[in-house]
Amino acid sequence: ISACLVGSEMCIRDRCSLVCNHENQCEGHCVLGRKGAPVHFSSIENYISTTYANQMTNGPAKSNGMRVAIIGSGPAGLGAAIYGKRAGYSTLVLEKNPMSGGQVLNTCEVDNYLGLPGINGFDLGMQFREHADRLGTEFVEADVTGIKNLPDCKKVLTSAGEFTAKAVIIAAGAEHKKLGVPGEKRLAGRGISYCATCDGAFYKKKVTAVIGGGDVAVEDAIFLAGLCEKVYLIHRRDSLRAAKSLQEKLFTLPNVELVWNAAVEEITGEAFVTGVQLLDTQTKEERFVAADGIFIAVGIQPVSESFKSLVKTDEAGYICAGEDCCTSVPGIFAVGDVRTKKLRQIVTAVADGANAVNSVQEYFQTR
């Protein structure tokens, strides 16, 4: 069972009870996509035993006949699923990835979720999914390609077929932005990564470079500094956008060098990354930084392409929806990172799920 959940092969050390440990990586495909991060057996065993024990004792929640389809199973989607089941709806969650949790799965430590300071991101994601499973939520692994707005229902088009529901909650999340420079696409997975906690372990005692200036970039640089011989933090401006507390921590690290006013022109390498070619935005001088690995952290973009022809989006592609999560189309709602909002955090994503189900209830009452 553990192998099915974590990967095709496992490297196990009895003394630390870890699956896919940092020192010995398998050659197989990891369904989590984060082979550098260990997973404790206790988390897997707890997830399996608790989930199925609760399903056998509680059984699925009673349905009132109304079906709600949720696209995505990150914190926002799972929050909506929990509130949807508690409201008595037949709740279907469509998730394109093998595991629920969204971006939180790739977070080494979550220290700002109420009541659970310092929890591992993977463990938090599993707890969210476990809660939804216990209430009898239906999950289908499928890639959603669109939604049809019909007079009496919504039809969700997916790689696994069509699903009909009375209301749809879009919780598709967001994905990492790309630089769009030469070498990025070709060397992706061969020295280029968008997740330091996922892949940082591959660069122990090596030289890495982080590109970006926000919270994620600084967090990545701090994390890598504990593993790598040297870390460059490359930013196109002369000051960071990250929180002051993160900056203060970063500036104390002796093996981190900041490269200011530097625009990335190219990521170099043949079979693997060798470094990054930079252009000084002020002096126009060129500089080459040699590195074994490049971590790109320049923001996120919404996964909304499949819905732009149906619901209104802003210039950046985020689905226009307020705190009630209502979109421009009645009966279709948007939650979490995919919608327009000021703060994108786990706690606000979960809150969106609750607000969306409340709006679903109001929508059904008017039908």
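Here we summarise the structure given alongside this text. (Residues numbered from 1 in each chain as written. Predicted model: local features only at pLDDT ≥ 70, side-chain atom pairs only at ≥ 80, totals over all residues. Heavy atoms only, no water.)

### Here's the deal with the pattern of salt bridges
Rules: Any Lys or Arg side-chain nitrogen found within 4 Å of a carboxyl oxygen on Asp or Glu counts as a salt bridge. Here a strand is any run of E in DSSP of at least two residues, a helix any run of H or I of at least four, and the numbering for each starts at the N terminus. In this scheme, a residue with accessible area under 20% of its type's maximum is buried, one over 50% is exposed, and one in between is partly exposed, where area comes from a 1.4 Å probe on protein chains only.
Tallying each qualifying case throughout the model produces nine salt bridges. Among the salt bridges present, the one from arginine 67 reaches glutamate 138, with a minimum N-O distance of 3.4 Å. Taken as a pair, arginine 67 in strand β3 (residues 67–71) and glutamate 138 in strand β5 (residues 138–141) lie far apart in primary sequence, 71 residues in all. With a relative accessible area of 36%, glutamate 138 lands in the partly exposed category. In this structure, aspartate 133 engages arginine 129 in a salt bridge whose closest nitrogen and oxygen atoms are separated by 3.0 Å. Taken together, the positions of aspartate 133 and arginine 129, both in helix α4 (residues 121–134) and four residues apart, correspond to about one turn of that helix. Looking at arginine 129, the relative accessible area reads 16%, which means it is buried.

### Regarding the nonpolar core
Most often, soluble globular proteins have nonpolar side chains that are buried together. The following threshold applies: For the purposes of this section, nonpolar cores are sets of buried Ala, Val, Leu, Ile, Met, Phe, Trp, Tyr and Cys residues that join through side-chain atoms within 4.5 Å. Any two residues whose heavy atoms approach within 4.5 Å are treated as being in contact.
Ranked by internal contacts, the top residues of the largest apolar core, which has 32 residues, are Ile70, Leu124, Ile169, Phe333, Ile346 and Val360. Contributing elements (two or more residues each) for this core: β3, α3 (75–86), α4, β9 (167–170) and α8 (346–365). Sort the elements by how many residues they give to this core and α8 lands first, with eight residues. Residue contacts for leucine 124: discarding those within four places in its chain leaves Val104, Val110, Tyr113, Leu116, Ile119 and Ile346. Residues Val140, Phe307, Ala321 and Val329 belong to the second largest nonpolar core, which totals 21 residues.

### Focus: unusual backbone geometry
A positive phi angle, near 70 degrees, is found at lysine 284, a position not held by glycine. Of note, lysine 284 is situated in the loop between β16 (273–280) and β17 (286–290). The backbone phi angle of cysteine 325 is positive, close to 70 degrees, even though this residue is not glycine. Counting through the fold element by element, cysteine 325 comes out in the loop between β19 (300–302) and β20 (332–334).

### Brief notes about the environment of alanine 196
In this fold, alanine 196 is placed in helix α5 (residues 196–199). Judged by its relative accessible area of 0%, alanine 196 falls in the buried class. The sequence separation of alanine 196 and phenylalanine 223 amounts to 27 residues, and the corresponding C-alpha distance is 7.3 Å. Those residues within four positions of alanine 196 in sequence are excluded, and the remaining contacts are Asp220, Phe223, Leu224 and Phe295.

### Notes on the side chain of histidine 235
Note the following rule: We define a polar contact as two N or O atoms separated by no more than 3.5 Å, with the added condition that, inside protein, one atom must be a possible hydrogen donor and the other a possible acceptor, whereas residues neighbouring each other in sequence contribute only through side-chain atom pairs.
Following the sequence through the fold, histidine 235 ends up in the loop between β13 (230–234) and α7 (244–250). Of the residues examined, histidine 235 reaches a relative accessible area of 3% and is grouped as buried. A distance of 3.0 Å separates the side chain of histidine 235 from the backbone oxygen of serine 239, its partner in a polar contact. Dropping the residues within four chain positions of it, histidine 235 is found in contact with Gly212, Gly213, Leu240, Arg241, Val259, Trp260, Asn261 and Ala262.

### Description of helix α6 (residues 215–225)
For α6, the complete set of buried residues consists of Ala217, Val218, Asp220, Ala221, Ile222, Leu224 and Ala225. Buried residues along α6 sit in contact with α5, β12 (207–211), β13, α7, β14 (256–259) and β18 (293–296).

### A closer look at a positive patch on the surface
Put simply, the rule is: The residues that make up patches have over 30% relative accessible area and no salt bridge, and they are joined within 9 Å when like-charged or within 5 Å when they are Val, Leu, Ile, Met, Phe, Trp or Tyr. Each accessible area is a Shrake-Rupley estimate made with a 1.4 Å probe; only the visible protein chains count as cover when residues are assessed. A positive count includes Lys and Arg, and a negative count includes Asp and Glu. His and the chain ends are not counted in either. A charged residue contributes its charge at one atom only: NZ of Lys, CZ of Arg, CG of Asp or CD of Glu.
A contiguous patch of positive charge on the surface is contributed by Lys177, Arg236, Arg237 and Arg241. Structurally, the position occupied by lysine 177 is in the loop between β10 (174–176) and β11 (192–193).

### Re the sheet that holds β18
How we decide: Between any two strands, at least two bridges found by DSSP are needed for them to pair.
In spatial order, the strands read β11-β18-β12-β13-β14; together these five strands make up an open sheet with parallel pairing. Of all the strands in the sheet, just β11 and β14 have a single pairing partner and so form its edges. For β12 and β13, the ladder comprises five bridges, and the chain directions are parallel. Bridging from a neighbouring strand, threonine 208 pairs with valine 231 of β13.

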